Amino acid sequence: MTADPHPALELSGITAGYERRAPVLRDVSLTVHGSEAVGLLGPSGCGKSTLAKVAALLHRPYAGTVRLGGEPARGWRHRAPRAQRTAVGVVFQQPRLAADPRLTLAALIAEPLRATGRGREATERVRELADAVGLGGDLLDRRPHEVSDGQLQRACVARALVLRPRVLVCDEMTAMLDASTTAALVTVVEDYRQRSGAALLAVGHDRTLLERWCDRTVELAGAGGGTDGEEVRSAPRAPADTSAG
Amino acid sequence: MSAVLKGGPTLRAGRGRRLRVRASAAVLVAVLAAVLLVPLLFPLDEQAVDMANKLHAPSAAHPFGTDDVGRDVLLRCVYGLRVSLLVGVVAALAATVIGTAVGAAAGAAGGRTDRMVMRVVDVFSSVPHLLLGIFIVAMFRPGVWPVVASVGLTHWLSTARIVRAEMLSLRSRDFVDAAVSGGASRWRVAVRHLLPGVLPQAGLAAVLMVPHAIWHESALSFLGLGLPTHRASLGNMIQSARGTLLAGDWWPTLFPGLFLIIPTLAIASLAGVWRERINPRRRSELML
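This structure is a prediction, so every number in the text was calculated from the model and none was measured.

Draft legend 1. Structural view of the overall build of chain A. When you go through chain A residue by residue, the secondary structure sums to 8 helices and 9 strands. Counting all 245 residues of chain A, 47% fall into the buried class. For chain A, contacts bridging at least 24 residues in sequence account for 72% of all contacts bridging at least 6.

Take a look at the structure:
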């Protein structure tokens, strides 16, 4: 795997944050290969989510490069070409904040298709994904305030998968959820990863979960003033069959 | 016991608010009925004078009395309110549309565009807006539309600020990140995800502006710059009744004044309740 010349996601020398003089991340490097699952661990405030946003081209770092499938990112947010932006699917920690309160769950899942001019596929894809994440019929017509956090997060996972991303970034995807929903969503993500060969970057602070879920875990230390993303720990593979990659 | 103590004032506040809402709504229904129906039943000849009946005190024939050229004050008040409401609503809508467009563009674009647009807004805000309004009406012949333009073109600044601030706060939400990651263009993010979120605030700003715009129409007419002097407008009526007030004839001033104050208070009061519902943390205050 290490010989792969074009890893799905390659972050090198990333320095990022919200204040140039005191970046949250300092010179962090991380590589995730195709169909590999990497868990990113660390205490709160260490910059895990910032790194996730950089990886999804949603936050511009002060220094460093991001490569997707070997191709350097050519911009951030709207400046990134649409093909690069949509190559990374993102699931956020809080489904309430990540869902536009005015859209029904069906519209929420279909939104990326409509935004990229593929609205015609919407009905079919939504049905397919709703089945996969376990959202029953009438839930799809409800708005975010009419469903539970768990149901909403299921819709958000479906939205992240709807464009078939090559990289999936899950930022504390299960932090707000109960055990059974957590298990269900991890299964959905794993199914997708095995079928599509996508790479997964799972961010979280639940060591037990990430060590069982991912091929290896990486720790961001919460040292004041910056973090070095050394890969300090390699956990055993999850019991699931991930040898395909 | 403590629950009772805690519940008491809140319940009373709730009852007071309900009463306020009902009273305001009743006033507005009465006002709308009057301005829509009265002109159908009692046509007004704006040029007519009746010097034999000038300055009669309120009586059964003229409940609000007559003015210094013998015109019925009640009828002219209703017609004046009609003009004021028309000007107020149209000007407030115009100002809100301009303000929302400018604020949304600045908020959605961000960065340098945002800074430039907001500096222009600051420059306009630094000029007293009544002065700017006078400058605009002075360029045209007296009439309703110059007054609407004058109020509309000078009152979009606060709406632009409100809408921009709201856009900026929405822009940093995760659902916008999700939309960007899902391939949405800037335009789509602004129109589909941000704009619907600011419309309640913009609508509230529009309603709060109606009373303000009505007062502006009156102020401009009072200064002799608004509507032609024969037009029945609340500002014109108060202006022309100034002289008679000193002679002790109070009715040509008092009734147009009440017609100005009561409906604007009713609108402002309803808007205040709306604001409390949108944003319960901020206590409502009247903005006239």
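Draft legend 2. Expanded view of the sheet that holds strand E7 (residues 167-171) of chain A. Residues and elements named next belong to chain A. Pairing is parallel across the open sheet formed by 5 strands, whose spatial order is E6-E7-E8-E3-E9. Each having just a single partner strand, strand E6 (88-91) and strand E9 (216-219) make up the two edges of the open sheet. Neighbour to neighbour, the strand axes of the sheet diverge by 20 degrees on average, direction disregarded. Note that strand E3 (residues 37-41) and strand E8 (residues 199-203) share 4 bridges and pair parallel. Looking at E8, one finds that Ala37 is bridged to Leu200. Sheet contacts for helix H6 (residues 149-161): E6 and E7; angle to E6, the most-contacted strand, approximately 170 degrees.

Draft legend 3. The arrangement of the confidence of the model for chain B in detail. All names here are of chain B. Per-chain confidence: chain B averages 83 in pLDDT, with 92% of residues scoring 70 or above. Within chain B, helix H1 (residues 2-41) has the poorest average pLDDT of any element, 76, and helix H7 (residues 174-181) the best, 92. Segment residues 1-8 is flagged for pLDDT under 50; beyond a separation of four residues in sequence, or across chains, it makes 0 contacts in the model. Every residue in residues 281-288 is under pLDDT 50, and counting partners more than four places away or in other chains gives 14 contacts. Among the scores for the predicted complex, ipTM is 0.85 and pTM is 0.74.

Draft legend 4. Examining the domain arrangement of chain A more closely. All names here are of chain A. On domain assignment, one finds that chain A holds domain 1 (1-87 + 166-245) and domain 2 (96-164). Per element, the largest residue contribution to the side of domain 1 that touches domain 2 is 7 residues, and it comes from helix H7 (residues 179-196). Each residue belonging to the side of domain 1 that touches domain 2 can be placed in one class, and the counts come to 8 nonpolar, 3 polar and 2 charged.

Draft legend 5. Focus on the sheet that holds strand E1 (residues 9-16) of chain A. Residues and elements named next belong to chain A. Reading across from one edge, E2-E1-E4-E5 is the order of the 4 strands in this open sheet, with antiparallel pairing throughout. The open sheet terminates on both sides in strands that have one partner only, identified here as strand E2 (25-32) and strand E5 (71-72). When E1 meets E2, the two strands line up antiparallel, connected through 5 bridges. For Glu10, the partnering residue across the bridge sits in E2 and is Thr31. Set on the sheet, helix H1 (residues 48-55) makes contact with E1, E2 and strand E4 (63-68); between it and E1 the angle comes to about 125 degrees.

Draft legend 6. The UniProt feature "transmembrane region" (unreviewed entry) in chain B, seen in detail. All names here are of chain B. Here, the residues flagged by UniProt with the feature "transmembrane region" (unreviewed entry) are residues 21-42, 83-108, 120-138 and 254-274. Annotation note: span residues 83-108, helix share 100%, strand share 0%, distance between end C-alpha atoms 37 Å. Its end C-alpha atoms 23 Å apart, residues 120-138 is made of 89% helix and 0% strand.

Draft legend 7. Inspection of the nonpolar core at higher detail. Ala55, Ile109, Val167, Val169, Leu200, Leu201 and Ala202 of chain A are the most contacted members of the largest nonpolar core, which has 139 residues in total. A total of 16 residues in this core trace back to one element, the largest contributor, which is helix H2 (residues 73-109) of chain B. Not counting residues up to four positions away in its chain, the partners in contact with Leu200 of chain A are Ala37, Val38, Leu168, Cys170, Val189 and Arg193 of chain A.

Draft legend 8. Representation of the interface of chain B and chain A within the structure. Counting residues at the interface gives 15 residues for chain B and 22 residues for chain A. Elements with a contribution of two residues or more to the side of chain B that touches chain A: H7 and helix H8 (186-222) of chain B. Taken together, the residues that form the side of chain B that touches chain A break down as 6 nonpolar, 4 polar and 5 charged.

Draft legend 9. Local environment of the UniProt feature "domain: ABC transmembrane type-1" (unreviewed entry) in chain B. If you check UniProt for "domain: ABC transmembrane type-1" (unreviewed entry), the listed places come out as residues 81-271 of chain B in our numbering. The annotated region residues 81-271 of chain B carries 84% helix and 0% strand content, and the separation between its end C-alpha atoms amounts to 19 Å.

Draft legend 10. Region of the structure containing the pairing of E8 of chain A. Residue and element names in this part refer to chain A. Of all 5 residues in E8, 5 are buried, a share of seventy percent or more. Where burial is concerned, the two faces of E8 agree: the one with Ala199, Leu201 and Val203 and the one with Leu200 and Ala202 are both buried. In this sheet, E8 lies alongside E7 in parallel orientation, the contact comprising 5 bridges. In the sheet register, Asp171 faces E8, and the bridge partner there is Val203. The handedness of the E7 to E8 crossover, carried by H7, is right-handed.

The rules behind these values
- Residues numbered from 1 in each chain as written.
- Chains lettered and ligands numbered in written order.
- Predicted model: local features only at pLDDT ≥ 70, side-chain atom pairs only at ≥ 80, totals over all residues.
- Helix = DSSP H or I, 4+ residues; strand = E, 2+ residues; numbered from the N terminus.
- Buried ≥ 20, exposed ≤ 12 C-beta atoms within 10 Å, placed from the backbone.
- Contact = placed C-beta atoms within 7 Å.
- Pairing = 2+ DSSP bridges.
- Axes fitted to C-alpha atoms, helices over the stretch in contact; angles between N-to-C directions.
- pLDDT = per-residue confidence, 0-100.
- Domains from an automatic or database assignment.
- Nonpolar A, V, L, I, M, F, W, Y, C, P; charged D, E, K, R; others polar.
- UniProt positions renumbered as here; feature names shortened; annotations may be inferred.
- Core = buried A, V, L, I, M, F, W, Y, C linked by C-beta atoms within 7 Å.
- Right-handed = clockwise from strand over helix to strand, strands pointing away.

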